[in-house]
Amino acid sequence: SGAGAEAVLLRHLWRKLRASGPVTVAEYMREALTNPAQGYYTRRGGIGESGDFITSPEISQVFGELIGIWFISEWMATGKPSSFQLVELGPGRGTLTEDILRVFNQLTSVLSKCDVSVHLVEVSPKLSEIQARMLTGGKVQPNTEDKSAYMEGVSKTGIPIFWYRDIQDVPPGYSFYLAHEFFDALPIHKFQRTEKGWREVLVDIDPEVPDQLRFVLSPSSTPGTENFIQPEEARDHVEVCPEAGVIVQRLACRIEKDGGAALVADYGHDGTKTDTFRGFRNHKLHDVLSAPGTADLTADVDFSYLRKMTQERTTTLGPIKQREFLKNMGIDLRLQVLLQNSRDTATREQLLHSYDMLMNPEKMGDCFNFFALLPHHRLVQPESKSPLLPVAGFNELLLK
Ligand code: SAH
C-alpha cells in the first residue's frame, strides 16, 4: 500500500470528524483495521516475517501441532463424539489451521471414524484468499446465494472448509473454537478517571495541524462510561472491548448447548493493566493515530472481562502463561524429537531459536496467555461416573 492509499483513510476520517465531532477509540480502531475499502486487515494484514508483526504459528510449526493435540485430547476425554467442527476466529494466513490439520492427518488411526470439518471466521477478503491458497491450494468456490458460508473448499488432507464473516453464521454443533491473537484485534473503548468522574477517551482532529489526529476526553459521561465501568473499579485508566464480550458470550452459549471447548491465546492480563493500546508496523511500535490503515492496532486482552462475560455458562481455565501451557503440552519432548531428526546445524539452530521465541519469559513465554472455556460437566464429576481426565495444557498432558 503506497503513500496515496495511506492518505485515503486518514482523509475519510478527518472529514467525518470535522463534520460530526470526535469518535470513540473503538470506532476509530474499527475503521483503521476493518474498513471495507481501506482497513489494515482488509488491505494489508501483514502477518509474518516480511510483514508488520509475527505470531507464534508463524514462528514454529510445533505451536500449531501442540494445539492440534490439545483438541484431540479434549475430544478423547469427552468420549470421542462421532463428529466435530474446528472453528477458528481470525485465522490470519491460515498457518495455525494448516499445522493442526497436519496433526489430524497424522492421527487418522485415532480420528478415522470421526467426521471433521473446518469453519473459519474471517472478515478480510485478502486474508481469506491467502488462507484458501494455504489450506486448499486455491481450490475454493465462492458462495453467492444466501448460504451462510461465503466461500468453501476442501483441505489438502480432504477435510471440508467453510468461511464466514461472523461466528453467528457457523452452524451449531459440537465444536472446538480457537482464537489466537484474535481478541486483541477487536475495537476497545478507553476510559480515564478525572476529578469530575469517568470520561471516555475520544479521537478528534487536531485543529492546529492539518491531517493530524489527537486524543481528547469526552466533556461529560458517555454511554460507555455509564455501561462499561464497574463501580468497584480501582484503576485510573481502563480499556474495555465489548465486542470481545459479545463473542465470548456466544461461544459460552454454544459450548453450554452443544459441547466442545474454546481455546483463547493472546497477550493480556487479568483486569490489572491500564494503557495497552498500541500499533505495529514493520515490527516496530507505531503511533496509533498516525497513518491509520497502515499499521496493526492492538490492545491487551482483559481475561477477567472475558471470564465475566461467560456468565458462568461454562467453566473457564487460565489464563496461564504460554510457556507453562506449552511445557504441559510436551513441547520439550517434541523439540528433542525434531532435533534428533534434523541433520544440519542450520535447522537445529532454527528449532532452538523458535523454541526460545515461544518459551523465553522475556519474549513470548510470559506475556502470552492461554485461556479455555469448557462445559461444566467436563470438570465436575457426577458421583457415578469414572474419574475425569485433567484438561491438558492447564495440567500435564497424559496421553503420550
Ligand atoms: N490468528 C492469526 C492471525 C491474527 S491477526 C495468527 O495468530 O497468526 C487477526 C486476525 O483476525 C486476522 O485474520 C484478521 O483479519 C481477523 N479479524 C480481525 N477482526 C475481525 C473480526 N471482527 N471478525 C473476524 N475476523 C477478524
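Residues numbered from 1 in each chain as written. Predicted model: local features only at pLDDT ≥ 70, side-chain atom pairs only at ≥ 80, totals over all residues. Heavy atoms only, no water.

A. Structural view of the overall build of the protein chain. Each helix and strand counted, the protein chain has 14 helices and 18 strands in total. In terms of overall dimensions, the protein chain has a C-alpha envelope of 65 × 50 × 50 Å along the principal axes. Across the 400 residues in the protein chain, those meeting the buried criterion constitute 54%. For the protein chain, restricting intrachain contacts to residue pairs at least 6 apart in sequence, the fraction spanning at least 24 positions comes to 72%. Positive and negative side-chain charges in the protein chain, numbering 43 and 52 respectively, have mean positions lying 3 Å apart. (Helix = DSSP H or I, 4+ residues; strand = E, 2+ residues; numbered from the N terminus. Buried < 20%, exposed > 50% of the residue type's maximum accessible area, 1.4 Å probe, protein only. Contact = heavy atoms within 4.5 Å. Lys, Arg positive; Asp, Glu negative; His and termini not counted. Charge placed at Lys NZ, Arg CZ, Asp CG, Glu CD.)

B. Highlighting the packing of helix α5 (residues 61-77) against helix α6 (residues 95-106). Relative to each other, α5 and α6 sit at 55 degrees, their axes nearing to 8 Å. Viewed along their axes, α5 and α6 adopt a mutual orientation that is oblique. Classified by chirality, the crossing of α6 by α5 is right-handed. Within the contact between the two elements, α5 uses Q61, F63, G64, E65, I67, G68, I69, F71 and I72 and α6 uses L96, D99, I100, R102, V103 and F104. Residue composition of the contact of α5 with α6, grouped by class: 9 nonpolar, 3 polar and 3 charged. (Axes fitted to C-alpha atoms, helices over the stretch in contact; angles between N-to-C directions. Parallel < 35°, antiparallel > 145°, perpendicular 65-115°, else oblique. Left-handed = near helix turned anticlockwise from the far one by under 90°. Nonpolar A, V, L, I, M, F, W, Y, C, P; charged D, E, K, R; others polar.)

C. Spotlight on the sheet that holds strand β13 (residues 278-281). Here we have 3 strands laid out as an open sheet, ordered β14-β13-β15, and antiparallel in their pairing. The open sheet terminates on both sides in strands that have one partner only, identified here as β14 (284-286) and β15 (296-298). Mean inter-strand twist for the sheet, computed between neighbouring axes without regard to direction, equals 40 degrees. Of the strand pairs in this sheet, β13 and β15 are connected by 3 bridges, and their pairing is antiparallel. Note that in β15 the partner of G279 across the bridge is L297. (Pairing = 2+ DSSP bridges.)

D. Region of the structure containing helix α14 (residues 345-359). With 15 residues, α14 extends 21 Å from end C-alpha to end C-alpha; this agrees with the ideal 21 Å at 1.5 Å per step. Looking at α14, one finds that the buried residues are L351, S354, Y355, L358 and M359. On an axial view of α14, the arc spanned by its buried residues comes to 120 degrees, and they lie on one face. Away from its buried face by more than 90 degrees, α14 exposes T345, A346 and E349. (Expected span 1.5 Å × (residues − 1). Arc of directions from axis to C-beta.)

E. Main features of the pairing of strand β2 (residues 83-89). A large share of β2 lies buried, amounting to 6 of its 7 residues. Here β2 runs beside strand β3 (residues 115-121); their pairing, made up of 7 bridges, is parallel. Bridging from a neighbouring strand, E88 pairs with L120 of β3. Note: β2 against strand β7 (residues 175-180), 5 bridges, orientation parallel. Its bridge partner being in β7, Q85 is matched across the sheet by S175.

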